[in-house]
Amino acid sequence: MNSDLQALITTLEMAALTTIILLIIGTPLAWYLAKMTSRFKVIIEAVVALPLVLPPTVLGFYLLIAFSPEHLPGQLWQQATGQQLAFSFSAIVIGSVLYSLPFVVQPLQKAFEQLGDSLLEAGALLGAGPIDRFFSIVLPLTKASFITAASLGFAHTVGEFGVILMIGGNIPGETRVLSIALFDHVEAFDYARAHLLSISLLMTSMVLLAAIYWLNLPQRSKYKDLTVQAARDEKSIDE
Amino acid sequence: MNNYPINNAALNNRPNNKAPQLDLNISINYQQFDLAIELAVPLIGITGIFGHSASGKSTLLRAIAGLETSLRGEITLTDKASVSKILVNSEQGLTLKPEQRQIGLVFQNSRLFTHLTVLGNLEYAVKRCKNSHLSFDEVIELTELSAVLNHRVNQLSGGQQQRVALARAILAEPKLLLLDEPLSALDRHSKTQLLKMMLNIQKQLSLPMLYVSHSLDELQQVCDNLLVLAEGKVVNFGNIHQVIHQLNNDNNSDIIHQQTSLSLPIKTFNNGHGLTALALNAHEDIFMVCDQAFEQQTQLRCFILASDISITLTEPTNSSIVNHLFGTIKQINHQQNNVLLTVHCGSQDFFVTISAFSQQKLSLTIRQQVYLQFKASAVRTFIH
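Rules of the game
Residues numbered from 1 in each chain as written. Chains lettered and ligands numbered in written order. Predicted model: local features only at pLDDT ≥ 70, side-chain atom pairs only at ≥ 80, totals over all residues. Heavy atoms only, no water. Helix = DSSP H or I, 4+ residues; strand = E, 2+ residues; numbered from the N terminus. Buried < 20%, exposed > 50% of the residue type's maximum accessible area, 1.4 Å probe, protein only. Polar contact = N/O pair within 3.5 Å; in protein donor to acceptor, adjacent residues only side chain to side chain. Contact = heavy atoms within 4.5 Å. Buried area = accessible area lost by both parts, 1.4 Å probe. Salt bridge = Lys/Arg side-chain N within 4 Å of Asp/Glu carboxyl O. Domains from an automatic or database assignment. Pairing = 2+ DSSP bridges. Axes fitted to C-alpha atoms, helices over the stretch in contact; angles between N-to-C directions. Parallel < 35°, antiparallel > 145°, perpendicular 65-115°, else oblique. Left-handed = near helix turned anticlockwise from the far one by under 90°. Nonpolar A, V, L, I, M, F, W, Y, C, P; charged D, E, K, R; others polar. Expected span 1.5 Å × (residues − 1).

**Overview of the environment of Asp250 of chain B**
All names here are of chain B.
- With respect to the helices and strands, the residue Asp250 is situated in the loop between helix H8 (240-248) and strand S12 (259-268).
- Residue Asp250 is classed as partly exposed on the basis of its relative accessible area, which comes to 35%.
- For the pair Asp250 and Phe287, spaced 37 residues apart in sequence, the C-alpha to C-alpha distance is 29 Å.

Now the structure itself:
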């Protein structure tokens, strides 16, 4: 198989799996942060936002150490699965989850904060329990933010380079993703293939982002109504 | 705790202690606000809760609904079927969640679900109601919503939104319905419409209601009993008219417009000259300006502001003022430049404010016999 095609498949698998994991752990984390009043909130928020400012190689370096068989996380993984964690597909997925966490948590947290408690209280008084309220009220009213969070998480993972270079290496079919393949071509002065990969990554990202904004359009106007309503509610309560 | 005047008439009307009742013994402490209430509220008709802002009215409703978490004490609800349910008992560490309490709450802002239609909002309640008995169509008819069922909620007017909120709360079939200033954002027409609707629903479904408002005019029209709160404490509780009359004499006249509050049977709808006669007692009538809305009613809630009544020492036979009543001064209460007189006429106390100057001029004293006079237009009612 064409090695670039294989790299594309690895990239898509990694990004899809990462996005699913991020939605599963990011949603409760964002909810918790949105409802949290304790002063530890800022510390958790800072930790979640770290990947936005930290050089990816710093995160990758510490993950590389943690994933090595000499250290506890790597040891535990090896005992549980029988395989080494560093330089594996699992390692780059875990790395991506940490690296793309703020892109999923932040839009969700903002949406949950804007939604507020008033509609949830109304739902509770009509007999809806917490899980019911999440699926019948929160999810439909913050659908646009979920789409944004998932798309940003996916796109950001596709574009990842530094973390994967540190903890994944360059194993074809396992950890060799598009951005690494591109780097290889440049190193080998194979600019023709580098151009091909770069152009296709650029186009795909462009199309993906345009699709996010397009998908958000109808919901966004609805969402605006909701926030205006919420703002009005807040105001009338203050009065 | 029970150092506030309680009207025993209101409390002793209960045939036995299994009547629907809400037992409150709660305290809530915030940094700048304490609420402490110990009271048994008989759930008869609509019970009004009145007080200034920050008196704890809304906090009390939220505590009953289960939305106030930092609460100590007990709340027990006894329903129509004489079943008592403990909603909170902080000593036993028991707190029912709002969704387990079967208590409805209509908020000041309607809090409708914007992603659903009117019908969707109503079905939200129906779907979550265990063993429902109410007919959906009956509730739609009572709240006059059939024309807007397929509308989006943000297309509705404020009054329509509150009617949807009311219908939605009723369709969850609560044992007690709480109303937290549901009319405060509405215009006068929508207010009267919704008040009538509330009264009608209360009677049709015999659903007890606690109705919080800072407008005594609204409460006077629909409530049977009134609870007055100030700074998180019960100031007064009992029959609505008696409580209003007690507030008249509380010297803090800014809390209410001093008034005589009455429920009277309609004797003659229209006397041929556009006046309605209300029977004050077997011998005396009060005339008020006739309104078409009175035609279907047999009983009318009305009030006369104390400042709208004047005093004469002789019977005013040559006056255009249609209402004059003979009575005895029972109490004289000096309030700055005014004097509040309580005048006993037949079996009813009337409240009159006159200037201190007039009181001196007429040298009015207790047990003196006087005539009250007030125009037909001074007899006011809120429902038209």
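**Brief notes about the side chain of Ser136 of chain A**
- Within the element layout of this structure, Ser136 of chain A appears in helix H7 (residues 130-141).
- A polar side-chain atom of Ser136 of chain A sits 2.7 Å from the main-chain carbonyl oxygen of Asp132 of chain A.
- Here Tyr124 of chain B takes part through its side chain, which lies 2.6 Å from a polar atom of the side chain of Ser136 of chain A.
- For Ser136 of chain A, the residues in contact, after removing those within four places along its chain, are His115, Tyr124 and Arg128 of chain B.

**Topic: the interface of chain A and chain B**
- In this assembly, 23 residues from chain A lie in contact with 22 residues from chain B.
- On the chain A side of the interface with chain B, the three residues burying the most area are Glu121, Leu125 and Leu126 of chain A, jointly 36% of the side's total.
- Applying the counting rule to chain A against chain B returns 4 salt bridges.
- Where Arg111 of chain B meets Glu121 of chain A, a salt bridge forms, and the shortest distance between an N and an O atom there is 2.8 Å.
- Remark: the boundary between chain A and chain B carries 8 residue pairs in polar contact (both at pLDDT 80 or more).
- Elements that contribute at least two residues to the side of chain A that touches chain B include exactly helix H6 (118-125), H7 and helix H11 (191-238) of chain A.

**Thoughts on the domain arrangement of chain B**
Residue and element names in this part refer to chain B.
- Here chain B is described as being made up of domain 1 (8-102 + 174-248) and domain 2 (259-380).
- On a C-alpha basis, the centres of domain 1 and domain 2 stand 31 Å from each other.
- Contacts between the two partners involve 13 residues from domain 1 and, on the opposite side, 13 residues from domain 2.
- Across the domain 1/domain 2 interface, buried area totals approximately 1,000 Å², and carbon plus sulfur atoms make up 42% of it.
- Of all residues in domain 1, Gln220, His245 and Asn248 bury the most surface against domain 2, accounting for 52% of the area lost on that side.
- Across the contact surface, domain 1 and domain 2 share 1 salt bridge.
- With a closest N to O distance of 3.8 Å, Arg301 and Asp224 form a salt bridge.
- One can count 9 residue pairs in polar contact (both at pLDDT 80 or more) joining domain 1 with domain 2.
- Contributions of two or more residues to the side of domain 1 that touches domain 2 are made by helix H7 (216-222) and H8.

**Examining the sheet that holds strand S19 (residues 348-355) of chain B**
Residue and element names in this part refer to chain B.
- If you walk across this open sheet you meet the 5 strands as S16-S20-S17-S18-S19, and the pairing is antiparallel. Two strands close off the open sheet at either side, each with one partner strand: strand S16 (310-312) and S19. Taking the axes of each pair of neighbouring strands and ignoring which way they run, one obtains an average angle of 45° across the sheet.
- Looking at chain direction, strand S17 (residues 323-335) and strand S20 (residues 369-374) are connected through 6 bridges and run antiparallel. Looking at the pairing, Gly327 lines up with Val370 of S20.
- With respect to the sheet, H8 is in contact with S17, strand S18 (338-345) and S19, its orientation differing from that of S19 by roughly 25°.

**Some points on the pairing of strand S14 (residues 285-289) of chain B**
Residue and element names in this part refer to chain B.
- Two strands pair when backbone bridges link them, and strand S13 (residues 275-279) and S14 are joined in this way by 5 bridges, in the antiparallel orientation. Paired with Leu275 across the strands is Val289, a residue of S14.
- What sits between the antiparallel neighbours S13 and S14 is a turn of 5 residues.

**A word on the packing of helix H5 (residues 158-171) of chain B against helix H6 (residues 188-205) of chain B**
All names here are of chain B.
- One can describe the packing of H5 onto H6 by two numbers: an axis separation of 10 Å at closest approach and a directional angle of 15°. On the basis of their axis angle, the class for H5 and H6 is roughly parallel. Handedness of the crossing formed by H5 with H6: right-handed. Seen from H5, the contacting residues are Gly159, Gln162, Arg163, Leu166 and Ile170; seen from H6, they are Ser190, Gln193, Leu194, Met197, Met198, Ile201 and Leu205.
- For the contact of H5 with H6, the per-class residue count stands at 7 nonpolar, 4 polar and 1 charged.

**Remarks on the environment of His71 of chain A**
All names here are of chain A.
- Relative to the helices and strands, His71 is located in the loop between helix H3 (56-67) and helix H4 (72-81).
- Assessed through its relative accessible area of 36%, His71 is described here as partly exposed.
- For the pair His71 and Thr10, spaced 61 residues apart in sequence, the C-alpha separation works out to 27 Å.
- Excluding residues that lie within four positions of it along the chain, His71 makes contacts with Ile65 and Ala66.
- Only 3.0 Å separates the side chain of His71 from the backbone oxygen of Ile65, close enough to count as a polar contact.

**A few points about unusual backbone geometry**
All names here are of chain B.
- Non-glycine residue Arg111 carries a positive phi angle of around 50°.
- Of note, Arg111 is situated in the loop between strand S7 (103-106) and helix H3 (118-127).
- Taking relative accessible area as the criterion, Arg111 reaches 7% and is therefore assigned buried.
- The phi angle at Gln336 is positive, at roughly 50°, despite the residue not being glycine.
- Within the secondary structure, Gln336 sits in the loop between S17 and S18.
- Taking relative accessible area as the criterion, Gln336 reaches 81% and is therefore assigned exposed.

**Details of helix H2 (residues 41-53) of chain A**
- Across its 13 residues, H2 of chain A extends 19 Å between first and last C-alpha, which sits within 8% of the 18 Å expected from 1.5 Å per residue.
- Looking at the buried side of H2 of chain A, the elements it contacts are helix H1 (3-35) and helix H5 (89-115) of chain A.

**Concerning the pairing of S17 of chain B**
All names here are of chain B.
- Taken together, the 7 bridges between S17 and S18 define a ladder with antiparallel strand orientation. When the bridges of S18 are listed, Ile332 appears paired with Leu341.
- Here S17 folds back onto S18 in antiparallel fashion, the turn holding 2 residues, of which Gln336 has a positive phi close to 50°.

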